Amino acid sequence: MKIAAAIWIPILVLLQAACGTEGTQEEASGSLTDFQVTAPQAESAEGDFIYRLATDQEQYIEGEKVAVYAELEYTGKLESIEISHAASPFYFPLHEETRDYSVEYAMNEPLLTTVLVKGEPLQERYSGSGGYSAENDDAYIAFVQNIMDNQFPSGYYKVAGYADFAAINADGSSTPHEINAQIDFKVVPKN
């Protein structure tokens, strides 16, 4: 009798563990249905500037290129204005909610200038971002590598984008601006 128990108990433990693993996978993919896209486009204004952040679709299929872009428009009294910024005035940090993964948006920081013409938005498309260290776990590293290649794994994403720049005044001084907006979208698994 003791031999039978010694055989059956490990088998039952393995079966229970296998069922638990399967349930966890179902919950992870099913949890995506708990999230609703509420803002695929957003706009914020500060002074003479409008910042827009948008995605072309509320939902993408895994493997499909995700299209996210930002715009900055000058609406002031002058015909144009010069701004200074890093490699770009646009930042695209994102967070994937089902995994609770954040992906920062690093950028080179030379001091560049751009002329904004009134009524003609400056636009930039997101092309991937991210970074990781050897201390991160393998799942996070794989996730970030996919994001860097603009190959978003399935999930619910929030992009808390912003434009960071300084408007150059007529007297040569500058006025700093950071204008924020947030959008969201889903990437669903292939069927």
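In what follows, the accompanying structure is described. (Residues numbered from 1 in each chain as written. Predicted model: local features only at pLDDT ≥ 70, side-chain atom pairs only at ≥ 80, totals over all residues. Heavy atoms only, no water.)

Before going further, it helps to spend a moment on the overall build of the protein chain. Tallying secondary structure elements over the protein chain gives two helices and 12 strands in all. Sequence-ordered secondary structure for the protein chain, helices as α and strands as β, is α-β-β-β-β-β-β-β-β-β-β-α-β-β. Counting every position in the protein chain, which comprises 191 residues, the buried fraction comes to 38%. Taking all contacts inside the protein chain whose residues are at least 6 apart in sequence as the whole, residues at least 24 apart take part in 68%. For the protein chain, the exposed area adds up to about 11200 Å²; of that, 52% sits on carbon and sulfur atoms. (Helix = DSSP H or I, 4+ residues; strand = E, 2+ residues; numbered from the N terminus. Buried < 20%, exposed > 50% of the residue type's maximum accessible area, 1.4 Å probe, protein only. Contact = heavy atoms within 4.5 Å. Areas by Shrake-Rupley, 256 points an atom, 1.4 Å probe, with all protein chains shown as cover.)

Formed by 40 residues in total, the largest nonpolar core has its most connected members in Phe49, Leu53, Leu72, Phe92, Phe152 and Phe185. With six residues, strand β11 (residues 155-168) is the largest single contributor of residues to this core. In this view, Phe152 contacts Glu62, Gly63, Val66, Leu94, Tyr126, Ile147, Tyr157, Phe185 and Val187; residues no more than four positions away in its chain are not counted. (Core = buried A, V, L, I, M, F, W, Y, C linked by side-chain atoms within 4.5 Å.)

Among the secondary structure elements, Tyr91 is positioned in strand β6 (residues 90-91). Put simply, Tyr91 and Val159 are 68 residues apart on the chain and 9.5 Å apart in space, counted from C-alpha to C-alpha. Once residues within four sequence positions are removed from consideration, Tyr91 is found in contact with Tyr51, Ala86, Tyr105, Met107, Gly161, Tyr162 and Asp164.

Buried within helix α2 (residues 138-148) we find Tyr140, Ile141, Phe143, Val144 and Ile147. Down the axis, α2 shows its buried residues gathered within 160° of arc, on one side only. Put simply, Asp137 is the residue that caps the front of α2, since its side-chain oxygen is 3.3 Å from the backbone nitrogen of Ala139. Positive phi appears at Asn150, one or two residues downstream of α2, with a value of about 55°. (Arc of directions from axis to C-beta. Polar contact = N/O pair within 3.5 Å; in protein donor to acceptor, adjacent residues only side chain to side chain.)

With that settled, consider the pattern of salt bridges. This structure, assessed with the given rule, holds five salt bridges. A salt bridge links Arg52 to Glu71; the nearest nitrogen and oxygen atoms lie 3.2 Å apart. Separated by 19 residues along the polypeptide, Arg52 in strand β2 (residues 49-55) and Glu71 in strand β4 (residues 68-74) bring together distant segments of the chain. Residue class for Glu71 comes out buried when judged on its relative accessible area of 15%. (Salt bridge = Lys/Arg side-chain N within 4 Å of Asp/Glu carboxyl O.)

Structural measurements only, silent on function.
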